[in-house]
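# Analysis of the macromolecular model
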Amino acid sequence: MSDVEPLLDEASPRWRRRSAFICLAIFSCGCLALAAAIIASYFLLQQKNVVGLKVMSLNTWGMPRTFGSEDKSLRMEAIGNHIKKGEYDVYLLEELWMRPDHNVIKSLIPEGYYMTEVGDLASSCDGTIGPDGCSGLAIISKFPFVEIKFHGYSDHGDALWLDGEYLARKGVGHVRIEPAEGYIVDVFVTHTCASDYNYYYRQRQVKELVQIVENSDADFVVLGGDFNVDPKINANETTLADIQNIMVNSIDDFFKKIETWLVPNRATYGNPSNTYSSQYNPVLYDYIFHKPTGKNLIWTNYFEIPFLKALKGNESQVSFSDHEAVTVNLNLWKPKL
């Protein structure tokens, strides 16, 4: 072959087809890169409209010692000191039945934070001797409360079962906050009937809860608490399905695949790391849900079940509660007007 002969036969139909394919592939890659750049630029521009909201939910196991709770004074002090750090914007507390414990935690909230009073989230509550008539709910917020409401459930368990459900007055605590100008958020907290045999009452309570949440006209809605229902063990209930028909489960939103998060080390009750309930079957009872209104968007940027411990004596550590806390970082977005 001479030096002047081409290495490829440019006139060959095979080469022309190959050249056309290569050109098309390069053109397609260029178009995809351009589209990706446009989308990325648009997203970065819209980041100015994203507001973060960090939320923690914890069942405090605030029953009196005579009702079975352990190390309550030590744990309440530890919970209050943890909240004092101000790591989250909103704290949702359940089973804070007793007024003295409420007062301990309120005395430790960070400067500039706000906390609901016992009477704000209860129809009638003793809270000095026992939890009769109390909801056990409280909300702490970095942002002022625009509104505070309480809706007591119509169903409260069976008095004949002597499990305390009938005497307590569980319901839905509701506050409205504005974490950024024009970003209206309705925050709901609840605690439904415990024990598998109370499934009838729990399902009825959640159907009532769903109606309350659906009536919200806020830009964003956040719901958290102890729902006493596990996706596997209580799969025959309508409890979770009713909520997830209108809201997104943060843990599902973050981990995507159920097998990733439905594991013992992410159980909120009976967690192997819990010093009070590790002997029980691990279940997921505590959740944080969210939903936007209209064209707004809300998504889970981070989810964690922290293992919060308090020092007991000089050496041993105990969990904050027989439940583990649930924490999320949410992103809220509104289109520009």
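See the structure above.
What this report covers is the structure whose coordinates are included nearby. (Residues numbered from 1 in each chain as written. Predicted model: local features only at pLDDT ≥ 70, side-chain atom pairs only at ≥ 80, totals over all residues. Heavy atoms only, no water.)

## Looking at the side chain of R75
Test applied: By the criteria applied, helices consist of DSSP H or I runs no shorter than four residues and strands consist of E runs no shorter than two, each listed in order from the N terminus. Buried means the residue's accessible area, taken with a 1.4 Å probe over protein chains only, is under 20% of the maximum for its type, while exposed means over 50%, and partly exposed covers the values in between. Neither His nor the chain termini are counted; the positive set is Lys and Arg, and the negative set is Asp and Glu. Basic side-chain nitrogens of Lys or Arg form a salt bridge, by our definition, when they fall within 4 Å of a carboxyl oxygen of Asp or Glu. Residue contacts are counted whenever heavy atoms from the two residues lie within 4.5 Å of one another.
Following the sequence through the fold, R75 ends up in helix α2 (residues 72-84). Although R75 lies buried, it forms no salt bridge, and the closest oppositely charged side chain, D71, sits 5.7 Å away as judged by the N-O distance. The residues contacting R75, other than those within four sequence positions of it, are T60, W61, S69, E70, Y276, S319, F320 and S321.

## Structural notes on the packing of aromatic side chains
Selection rule: Whether two aromatic rings pair depends on their centres lying within 6.5 Å, for rings of Phe, Tyr and Trp, where Trp uses its six-membered ring; planes under 30 degrees apart make the pair stacked, over 60 edge-to-face, and the rest tilted. Two limits define a charge over a ring: the Lys NZ or Arg CZ must be within 6 Å of the ring centre, and within 35 degrees of the ring normal.
Taken as a whole and judged by the stated rule, the model has 15 aromatic pairs. When the centroid spacing of 5.8 Å and the interplanar angle of 75 degrees are considered together, the rings of F254 and Y302 count as edge-to-face. In this pair, F254 sits in helix α6 (residues 250-255) while Y302 sits in strand β11 (residues 297-304), placing the two residues 48 residues apart along the sequence. When the centroid spacing of 6.2 Å and the interplanar angle of 15 degrees are considered together, the rings of Y269 and Y285 count as stacked. Placement of the pair is Y269 in the loop between α7 (258-261) and β10 (286-292) and Y285 in the loop between α7 and β10, with a sequence separation of 16 residues. Its relative accessible area of 13% is what places Y285 among the buried residues. The structure contains a cluster of three or more aromatic residues connected by ring pairs, namely W161, Y197, Y200 and Y201. In this structure, R169 packs its charged tip against the face of Y166, placed 5.4 Å from the ring centre.

## Side note on the sheet that holds strand β4 (residues 138-141)
Sheet strands associate in pairs through backbone hydrogen bonding, adopting either a parallel or an antiparallel arrangement. Let me state the cut-off plainly: DSSP calls a pair of strands paired once it identifies at least 2 bridges connecting them. Fitted lines through C-alpha atoms give the axes, limited to the stretch in contact for helices. The angle between two N-to-C directions lies from 0 to 180 degrees.
Strand order in the open sheet formed by six strands is β3-β4-β2-β1-β14-β11, and the pairing between neighbours is mixed. Strand pairing shows two members of the sheet lacking a second neighbour, β3 (114-115) and β11, which therefore form its edges. Sheet topology places β11 next to strand β14 (residues 326-333); seven bridges connect them, and they run antiparallel. From the neighbouring strand, L297 faces β14, where its bridge partner is W333. Lying over the sheet, α2 contacts β1 (50-59), β2 (90-94) and β4, oriented at roughly 165 degrees with respect to β2.

## A closer look at empty space enclosed by the protein
In plain terms, the rule: The pocket and cavity definitions rest on a 1 Å grid over protein atoms only: a 1.4 Å probe that fits but cannot leave marks a cavity, an open set with protein on both sides within 12 Å along at least five of seven lines marks a pocket, and residues lining either have an atom within 4 Å of a point. Grid points are joined across faces, edges and corners, and a volume is the space filled by probe spheres set on the points. For this scheme, ten residues count as nonpolar: Ala, Val, Leu, Ile, Met, Phe, Trp, Tyr, Cys and Pro. Four count as charged, namely Asp, Glu, Lys and Arg, and the remainder, Gly too, count as polar.
Enumeration over the complete set of coordinates arrives at two cavities of 30 Å³ or more. Estimated volume of the largest cavity: approximately 60 Å³. Forming the walls of the largest cavity are L96, W97, H102, V118, L121, A122, C125, C134, S135, G136 and L137. Considered class by class, the residues forming the lining of the largest cavity number eight nonpolar, three polar and no charged.

## Here's the deal with the state of the cysteines
Just so we agree on the cut-off: Defined by distance alone, a disulfide is two cysteine sulfur atoms within 2.5 Å.
Overall, the coordinates contain one disulfide when judged by the stated rule. Between the sulfur of C125 and that of C134 lies a disulfide, 1.9 Å long from S to S. Measuring the twist about the S-S bond at about 85 degrees, one finds the C125-C134 disulfide to be right-handed. What makes C134 buried here is its relative accessible area of 1%.

## Focus on unusual backbone geometry
A positive phi angle, near 50 degrees, is found at L162, a position not held by glycine. Note on placement: L162 falls in the loop between β5 (147-152) and β6 (171-180). Judged by its relative accessible area of 77%, L162 falls in the exposed class.

## Some remarks on helix α4 (residues 199-214)
As a reminder, the rule being used: By definition here, a helix of n residues has an expected span of 1.5 Å times n minus one.
For α4, built from 16 residues, the straight-helix expectation of 22 Å at 1.5 Å per residue is met to within 8% by its first-to-last C-alpha distance of 22 Å. Turning to α4, its buried residues are Y201, R202, Q203, Q205, V206, E208, L209, V210, I212 and V213. Buried residues along α4 sit in contact with β5, β6, β7 (183-191), β8 (220-226), α5 (239-244) and β10.

## As for the side chain of T300
So the rule is basically this: Pairs of N or O atoms are called polar contacts if they sit within 3.5 Å, as long as, within protein, a hydrogen donor faces a hydrogen acceptor (for residues adjacent in sequence, only side-chain-to-side-chain pairs).
When you line up the elements, T300 lands in strand β11. Judged by its relative accessible area of 8%, T300 is buried. Of note is the side chain of T300, whose polar atom sits 3.3 Å from the side chain of H290.

## Comments concerning the pairing of β1
Most of β1 is tucked away, with eight of its 10 residues classed as buried. Pairing geometry for β1 and β14, over eight bridges, is antiparallel. Paired with S57 across the bridge in β14 is V326. Relative to β2, β1 runs parallel, the two being bridged by five bridges. The residue bridging S57 from the neighbouring strand is L92, located in β2.

## Some words on the layout of surface pockets
Roughly 710 Å³ of volume is contained in the largest pocket. Taken together, 30 residues line the largest pocket, and the ones lying closest to its centre are M63, E95, D163, E165 and A194. As for the second largest pocket, its lining consists of 13 residues, and the residues nearest its centre are K149, H174, F188, I212 and N215. Sort the elements by how many residues they give to the lining of the second largest pocket and β5 lands first, with four residues. A breakdown of the residues in the lining of the second largest pocket according to their chemical character gives four nonpolar, four polar and five charged.

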